[in-house]
Amino acid sequence: MDCSLVRTLVHRYCAGEEECVDSRTVYVGHREPPPGAEAYIPQRCPDNRIVSSKYTFWNFIPKNLFEQFRRIANFYFLIIFLVQLIIDTPTSPVTSGLPLFFVITVTAIKQGYEDWLRHKADSAVNQCPVHFVQHGRLVRKQSRKLRVGDIVMVKEDETFPCDLIFLSSSRVDGTCHVTTASLDGESSHKTHYAVQDTKGFHTEEDMDSLHATIECEQPQPDLYRFVGRINVYSDLNDPVVRPLGSENLLLRGATLKNTEKIFGVAIYTGMETKMALNYQSKSQKRSAVEKSMNVFLIVYLCILISKALINTVMKYVWQSEPFRDEPWYNQKTEAERQRNLFLRAFTDFLAFMVLFNYIIPVSMYVTVEMQKFLGSYFITWDEEMFDEETGEGPLVNTSDLNEELGQVEYVFTDKTGTLTENNMEFKECCVEGHVYVPHAICNGQVLPAAAAIDMIDASPGAGGREREELFFRAVCLCHTIQVKDGDEADGPRKSPDSGRRCVYISASPDEVALVEGVQRELTPRDIKQLPQSHTARKRLGFTYLRLKDNYMELQNRGNDIERFELLEILSFDSVRRRMSVIVKSATGEIYLFCKGADSSIFPRVIEGKVDQIRSRVERNAVEGLRTLCVAYKRLIQEEYEGICKLLQAAKVALQDRERKLAEAYEQIEKDLILLGATAVEDRLQEKAADTIEALQKAGIKVWVLTGDKMETAAAACYACKLFRRNTQLLEVTTKRLEEQSLHDVLFELSKTILHCGASLTRDNFSGLSADTQDYGLIIDGAALSLIMKPREDGSSSSYRELFLDICRNCSAVLCCRMAPLQKAQIVKLIKFSKERPITLAIGDGANDVSMILEAHVGIGIVGKEGRQAARNSDYAIPKFKHLKKMLLVHGHFYYIRISELVQYFFYKNVCFIFPQFLYQFFCGFSQQTLYDTAYLTLYNISFTSLPVLLYSLMEQHVAMDTLKRDPALYRDIAKNALLRWRVFIYWTFLGVFDALVFFFGAYFMFENTTVTSNGQMFGNWTFGTLVFTVMVFTVTLKLALDTHYWTWINHVVIWGSLLFYVVFSLLWGGIIWPFLNYQRMYYVFIQMLSSGPAWLAIVLLVVVSLLPDVLKKVLCRQLWPSATEKVQTACLVSGPPLGSHPLASL
Amino acid sequence: MTWSATARGAHQPDNTAFTQQRLPAWQPLLSASIALPLFFCAGLAFIGLGLGLYYSSNGIKELEYDYTGDLGTGNCSVCAAIGQGRAPPPRCSCAWYFSLPEFFQGPVFLYYELTNFYQNNRRYGVSRDDAQLSGLQSALRHPVNECYPYQYSAAGLPIAPCGAIANSLFNDSFSLWHQRLPGGPYVEVPLDRTGIAWWTDYHVKFRNPPLVNGSLALAFQGTAPPPSWHRPVYELSPDPNNTGFINQDFVVWMRTAALPTFRKLYARIRQGNYSAGLPRGTYRVNITYNYPVRAFGGHKLITFSSVSWMGGKNPFLGIAYLVVGSLCILMGFVMLVVYIRYQDQNDEDEDDE
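Labelled according to an unreviewed UniProt entry, chain B appears under the name Cell cycle control protein, originating from Balaenoptera musculus. Per UniProt, the comment on chain B under Subcellular location (unreviewed entry) is "Membrane".

Identification of chain A as Phospholipid-transporting ATPase from Balaenoptera musculus is taken from an unreviewed UniProt entry. For the record of chain A, the UniProt heading Cofactor (unreviewed entry) holds the text "Mg(2+)". Here chain A is described in UniProt, under the heading Subunit (unreviewed entry), as follows: "Component of a P4-ATPase flippase complex which consists of a catalytic alpha subunit ATP11A and an accessory beta subunit TMEM30A."

Enquirer: Break down the overall build of chain A for me, with residues and values.
Expert: For chain A, the count of helices and strands is 40 helices and 35 strands. Sorting the 1146 residues of chain A into buried and exposed places 58% on the buried side. Taking as baseline every contact in chain A between residues at least 6 positions apart, the subset at least 24 positions apart corresponds to 74%. Roughly 47,100 Å² of accessible area belongs to chain A as shown, and the carbon and sulfur atoms make up 58% of that amount.

Enquirer: Any details on the UniProt feature "transmembrane region" (unreviewed entry) in chain B? Residues and values, ideally.
Expert: All names here are of chain B. If you check UniProt for "transmembrane region" (unreviewed entry), the listed places come out as residues 34–55 and 316–340 in our numbering. Spanning residues 34–55, this segment combines 100% helix with 0% strand, and its end C-alpha atoms are found 32 Å apart. As annotated, residues 316–340 comprises 100% helix and 0% strand, and the C-alpha atoms at either end are separated by 36 Å.

Enquirer: Mind laying out the nonpolar core, listing which residues take part and the relevant values?
Expert: Counting 198 residues, the largest nonpolar core has Phe 1028 of chain A together with Phe 174, Leu 176, Phe 250, Trp 253, Leu 278 and Phe 304 of chain B as the members making the most contacts within it. Dropping the residues within four chain positions of it, Trp 253 of chain B is found in contact with Tyr 112, Leu 114, Phe 117, Gln 119, Tyr 124, Ile 165, Ser 168, Leu 169, Phe 170, Phe 262, Lys 264 and Tyr 291 of chain B. In terms of nonpolar packing, the next biggest core, distinct from the first, is built from 49 residues, Met 385, Val 408, Cys 720 and Met 886 of chain A among them.

Enquirer: Let's hear about the packing of helix 2 (residues 60–70) of chain A against helix 3 (residues 72–86) of chain A: which residues, and what values?
Expert: Residue and element names in this part refer to chain A. Close contact between helix 2 and helix 3 brings their axes to 5 Å; oriented N to C, the two are set at 100°. The angle between helix 2 and helix 3 places the two elements in the roughly perpendicular class. Only Ile 72, Asn 74, Phe 75 and Leu 78 of helix 3 make contact with helix 2, whose side of the interface consists of Gln 68, Phe 69 and Arg 70. In terms of residue class, the contact of helix 2 with helix 3 is made up of four nonpolar, two polar and one charged.

Enquirer: Before we move on, can you summarise the confidence of the model for chain A with the specific residues and values?
Expert: All names here are of chain A. In the predicted model, chain A carries a mean pLDDT of 80, and 86% of its residues have values of at least 70. Scored below 50 in pLDDT, residues 486–500 makes twelve contacts in the model with residues more than four places away or belonging to other chains. Confidence over residues 1136–1146 falls short of pLDDT 50; this stretch has eight contacts with residues more than four positions distant or in other chains.

Enquirer: Can you lay out the sheet that holds strand 35 (residues 875–877) of chain A for me, pointing to particular residues and giving the numbers?
Expert: Sheets are built from strands paired through backbone hydrogen bonds, the pairs being either parallel or antiparallel. All names here are of chain A. Here nine strands make up an open sheet; going across it, the order is 14-35-34-33-15-29-32-31-30 and the pairing mixed. Looking at which strands have only one partner, the edges of the open sheet turn out to be strand 14 (395–396) and strand 30 (727–732). Of the strand pairs in this sheet, strand 30 and strand 31 (residues 774–780) are connected by six bridges, and their pairing is parallel. Bridge assignment links Val 732 to a residue of strand 31, and that residue is Ile 779. Packing against the sheet, helix 31 (residues 882–920) makes contact with strand 15 (410–414), strand 33 (839–843), strand 34 (857–861) and strand 35, and its axis sits at approximately 135° to strand 35.

Enquirer: Can you break down the sheet that holds strand 10 (residues 240–244) of chain A residue by residue, with the values?
Expert: Residues and elements named next belong to chain A. Read across the sheet, four strands follow the order 1-8-9-10 without closing on themselves; strand pairing throughout is antiparallel. Across the chains shown, the open sheet's two edge strands, defined by having one partner strand only, are strand 1 (23–27) and strand 10. Going from strand to strand, the sheet's axes swing by 20° on average, the running direction of each strand aside. Bridge analysis of strand 1 against strand 8 (residues 212–217) gives five bridges, and the strand direction is antiparallel. Paired with Thr 25 across the two strands is Glu 215, which belongs to strand 8. Its contacts with the sheet put helix 20 (residues 637–652) on strand 9 (228–232) and strand 10, and the angle it makes with strand 10 is roughly 75°.

Enquirer: A description of the state of the cysteines should follow, citing residues and the corresponding values.
Expert: Per the stated rule, a full pass over the model turns up three disulfides over all chains. Note that Cys 76 of chain B is cross-linked by a disulfide to Cys 94 of chain B, the S-S spacing being 2.0 Å. Here the disulfide of Cys 76 of chain B and Cys 94 of chain B is right-handed, its torsion about the S-S bond being about 80°. Taken together, the residues Cys 76 of chain B in helix 2 (residues 76–83) and Cys 94 of chain B in strand 2 (residues 93–100) connect sequence positions 18 residues apart. Paired by a disulfide, Cys 79 of chain B and Cys 92 of chain B hold their sulfur atoms 1.7 Å apart. Its S-S torsion of approximately -80° makes the covalent link between Cys 79 of chain B and Cys 92 of chain B left-handed. Placement of the pair is Cys 79 of chain B in helix 2 and Cys 92 of chain B in the loop between helix 2 and strand 2, with a sequence separation of 13 residues. Cys 92 of chain B matches Cys 79 of chain B in its accessibility class, with the two residues each being buried. Here the disulfide map of chain B reads 1-4, 2-3, 5-6, the bonded cysteines being numbered as they appear in the sequence. There is no disulfide at Cys 644 of chain A, and the cysteine sulfur nearest it, in Cys 478 of chain A, is 17 Å away.

Enquirer: Please provide a residue-by-residue account of the packing of aromatic side chains, values included.
Expert: Applying the stated rule across the entire model yields 106 aromatic pairs over all chains. Arranged with centres 6.2 Å apart and planes meeting at 85°, the rings of Phe 206 of chain B and Phe 250 of chain B form a pair that is edge-to-face. In this pair, Phe 206 of chain B sits in the loop between helix 7 (199–205) and helix 8 (216–219) while Phe 250 of chain B sits in helix 9 (residues 248–254), placing the two residues 44 residues apart along the sequence. Classification of Phe 250 of chain B as buried rests on a relative accessible area of 0%. Against the face of Tyr 551 of chain A rests Arg 563 of chain A, its NZ or CZ located 4.7 Å from the ring centre. Over the ring of Tyr 266 of chain B we find Arg 193 of chain B, and its NZ or CZ is 3.8 Å from the ring centre.

Enquirer: Give a detailed account of the side chain of Gln 1016 of chain A, specifying residues and quantitative values.
Expert: By the secondary structure assignment, Gln 1016 of chain A is in the loop between helix 35 (981–1006) and helix 36 (1020–1042). For Gln 1016 of chain A, a relative accessible area of 7% corresponds to the buried category. Within the structure, Gln 1016 of chain A has its side chain in polar contact with the backbone oxygen of Ala 197 of chain B (distance 2.8 Å).

Enquirer: Talk me through the pattern of salt bridges; I want residue IDs and the actual numbers.
Expert: By the definition in use, this model includes 52 salt bridges over all chains. With a shortest N-O distance of 2.6 Å, Glu 669 of chain A and Arg 578 of chain A are connected by a salt bridge. Linking Glu 669 of chain A in the loop between helix 21 (657–668) and strand 28 (672–684) with Arg 578 of chain A in strand 24 (residues 578–584), this pair joins segments that are 91 residues apart in sequence. Just as Glu 669 of chain A is buried, Arg 578 of chain A falls in that class too. Of the charged contacts, one joins Arg 263 of chain B and Glu 62 of chain B as a salt bridge, the two residues approaching to 3.2 Å between their closest N and O atoms. Residue Arg 263 of chain B is found in strand 7 (residues 262–269), and its partner Glu 62 of chain B is found in strand 1 (residues 62–66); the two are separated by 201 residues along the sequence. Under the relative-accessibility criterion, Arg 263 of chain B is labelled buried at 5%.

Criteria and thresholds
Residues numbered from 1 in each chain as written. Chains lettered and ligands numbered in written order. Predicted model: local features only at pLDDT ≥ 70, side-chain atom pairs only at ≥ 80, totals over all residues. Heavy atoms only, no water. UniProt positions renumbered as here; feature names shortened; annotations may be inferred. Helix = DSSP H or I, 4+ residues; strand = E, 2+ residues; numbered from the N terminus. Buried < 20%, exposed > 50% of the residue type's maximum accessible area, 1.4 Å probe, protein only. Contact = heavy atoms within 4.5 Å. Areas by Shrake-Rupley, 256 points an atom, 1.4 Å probe, with all protein chains shown as cover. Core = buried A, V, L, I, M, F, W, Y, C linked by side-chain atoms within 4.5 Å. Axes fitted to C-alpha atoms, helices over the stretch in contact; angles between N-to-C directions. Parallel < 35°, antiparallel > 145°, perpendicular 65-115°, else oblique. Nonpolar A, V, L, I, M, F, W, Y, C, P; charged D, E, K, R; others polar. pLDDT = per-residue confidence, 0-100. Pairing = 2+ DSSP bridges. Disulfide = S-S within 2.5 Å. Phe/Tyr/Trp six-rings, centres within 6.5 Å; stacked < 30°, edge-to-face > 60°. Lys NZ or Arg CZ within 6 Å of the ring centre and 35° of its normal. Polar contact = N/O pair within 3.5 Å; in protein donor to acceptor, adjacent residues only side chain to side chain. Salt bridge = Lys/Arg side-chain N within 4 Å of Asp/Glu carboxyl O.

What follows is the structure, given as structure tokens:
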């Protein structure tokens, strides 16, 4: 978000002040407009070079280093490294420089490689040939040489080289089909329209004669929005002004399909294309674990600083006696004696910092990143989350949030396409109060012979008959469906059967279902049980054939083709919730057909059997069907002309076009006559109910946010068990608010809830709230905006708080009639409520993107409404049911894995550094290291890194099936349970205890005596090695104690790294290493192992260090077992579950 | 991000046990039923081991004498008084008399002990040149900077061995005399001064520079002894195998101690009649008192100790094993109680569910 802002600013700044205009002007074919036309400001536009790479050969090293050191952790380590270089410190700069260098190099190589790939891809794209029209001839040039204003020819199956205004096509009707698979992933064909006045220019020569200018807005990233206008000059007439919309715009990255070739003029090039503007990094989401980790880091930083401070102070107190400061055997240099006391103290402080800096290890960041990155593969690999039907598997767009999946408290789900299949099936229609149902439905195919309708009994009369036909025509005409022709489809007259073969394509599945529905034979419901022989056989279906030359063709009941001229389309939007078409029939009558949600149609209706239809619509809505109302209005010519003007004016507006259009639509779509209503069923996704039930058992609150009407949504909620029979529904709806004020409603509801609140909270302790009163809340968009709206007296927050209070006590909340932004608003409201719960939003459509981006975790469903949601999400799954495994299994695992990883890392570094700290008290605070440099460096890198990494990839404390079977286990880790302060302090104290054991164990062992049978003495390095050995074993075995899932990999890694430590130590001490300037470790380890007491001490100290943890584990399991521990014990008793239990899926 | 249109359809995942996270695994559980026998077994084993260690440590005899020479503590106080405030202190000898009422089971080892001496001070600890000590010619002439201020002598000659550690080499010497019969003559007890340093240190890590014309002195020509030394390094001992950098005393000293109070091995008594131990009788230790410790508040001690398989006298390990073993048993009992009491309760809970 910030990026785009910065980019715009930079762009503006670079482009200079004069270009800060809202529109740009393009001379088509670089031909100056005729004199007398408005004077345009010339603009500089970039060439068509795409630069997705971040670095060039020259700036790679400095820029990459700069970016890497912007990360606070890397910077910290750099500072430590520099301090080591500058001052005399106990450890060589290698110890911190090497790991840092390693991390930086690996990251730089990875980023460099990625950038090299980008360079390659860029140059491939920039050099691919493009056909230009220059002086009436076709010229092939490299894509990067393309400039704004160039006329480009694109052939079938080529991708567009930049954003083009579609001038003409080889198709006669001036359309072309494109797929935008690489832009938003939608593979369906979309139709784009050439500019009316230029679609006749079919050849290069024609193009050269085109004289036009285009005005359009400055580049902006919205793929689906474009406003502009074209002025076509001709010698004869005045310039023609035409509006340009997104249907005239061909986007870079889209591919031309089913069209031989097209001409277009480049308007946005290079980095200004919508595709380039869309590839912006999304805002970074940080998981709760990461936040706790950062808090812990700060704690450790404080510990580090206080340790260094304590030691510095102690040093100077201790040194106040001169014979300690400078005994005769250890004299200082003259320079040291001269140095300023404060400077000395400060260097000492820094030296202590360096000595203890390992408490915050570089490797933790690396390990956490690796764990997240590698761990996320388990999601993509998961076979159970692979959908055979669509061939789609789960996608991981970010691996930063894996563990957040285990922390979700609120799930916000879209209904259509998420809970439901978005596989619409026409159920019935109601015309003038008469209900028709499809006679026979068989997999969407119509059984041809079974056509039947009888009008005897339900005969609507002549007028009614006319209305009925009008209704079907309306359904057939009022849509934006395209017909995908079969191969034989070019015949002008198709047989009715071949007509059925055509495939309808539309952005909205409802429309397809409706058009397919009315083409079927319909039976009035009231007589359908009558024997067929009594009914007259007659076709009822109206079939939409195609849109040709702006004429919509449809086949009526009599198998005749009717042609309607399509005059205007007032397209659908989610605010108006309706769409209209204006058509002219063959007889010259002009109709406006309007189709939309009941709430948006009924207020605009002045005539028709409103009550009957309304009751039918409500009935259908309760059954969970999606209803649409159809209305019409007959227009006389003058009216139509007025409308035309209105629309034209709005359409050519460059500014505020949306608003002006909406106003125009508002004026046009009124005084309608109601025809009827349709009902379409959207089936629930398989196992949606099971999933929701499992989520609720897991303590997750599920909210449904939908744009659907209340009744439909509520029915779906009942169907998917979000509401149960005993759920008491509370309503905050517009209807209710008409009777009472918002204030009263809210207070009343909160009273109802709080009445039972006490019993509810009491029950929460037992974890089961099945018998208590369940509350479900229904709120609609209008009521929500009232609640959210800040009031003048500033007391809005009280409503919000009240509303939140109510929500918190409801087991399920249904928000209907939501606009996309309102969905995000709700998510935000909960996200920032005082408990700061972790929210998850799941949806499939473009309207869910805002909430997906807003929630802590956004999950997209790879659905029918395109891939926009999946593209903007953090994770994408093929079906709603996969959410269960995603959260309950993967999320749970990731959470326990990473929390153990984090805690363990801090623990092992306390163990590592605390003995160093203690040793300072015995070496005169001289910053003497306890361990050898190699041990200091390798402790975190190799001796103890792999076991915890593999643990954090493989650990399964409870079997996967158990987690799925028992969703309540999810509650055990809720609220970041494994990273609470209590747990963190336990781990830290365990680390301190272990460190004390190591250090003082070794201390008393070595105190003033020999430990070998030959009477020889050991030195300080042996002392350190003993401590270190005990530590490596303890720390590794502590992890082994925590491991519940020992695969061969864990065995290899845990025992392997212990073995590696021993082998390394033998080698390190076994050879005089010529490149070292000291040989202090020579034979130290081997000498230590030759001593019996050292072995005994290692065993003893390891056991003592592990004892408290074992004791705590056993006692806690016995005395206060958590649900997880109970299940573990139960599994142990009953043995591992063999396959999935038949009841497991319940 | 690539600009080419890539098919993003997910590939069918591999169905392996690893990718599906279904690798066969051993799933141990640290429950009371496992921990209980473990605690008892470990406890018993530890107590057994602890008893063994304790008695083994108790069987070791130690005889210790502080010869620093604080006033009124023996005849070394004279030497201490002479040495007070004078550097280098004049040569002085004193003696320590003791009598053994019974046989001192051998083998007996003679240690000296220093207190308050920070061999583990960082600046002190790095002040050495391992390359020089390994006999490298170039390092002999050009000691590393860490040795500073004991790097070059005032005359500008490289110091060999350089550094603070070498400079502060312990230079008291002891000899042991035995008087078998009261009033009889003192017989010198042979002290074996070999084998007191690590074998690898003496044979590998420390090497003399190559001899020049068969003479070690010539090899060290052009170097200066450390300022505190009275004689050059090649005269540390008349024995050619024990002089220069491979002098045993020197090698022992160069292995810096871990703690400010430390012992270093001086000699082993294992020759002649004394190989089995020190017989009864009166003994005298002749001490050459050179090493100043009072300046830094330290003490010098001399110690006779016998050594068993587990080294010198150290009751810590035995006691620790005993304590931990008993703790294990105690914990075991606590757990047993808990286990029995709460097992029924848990069963009831499960029945309730």
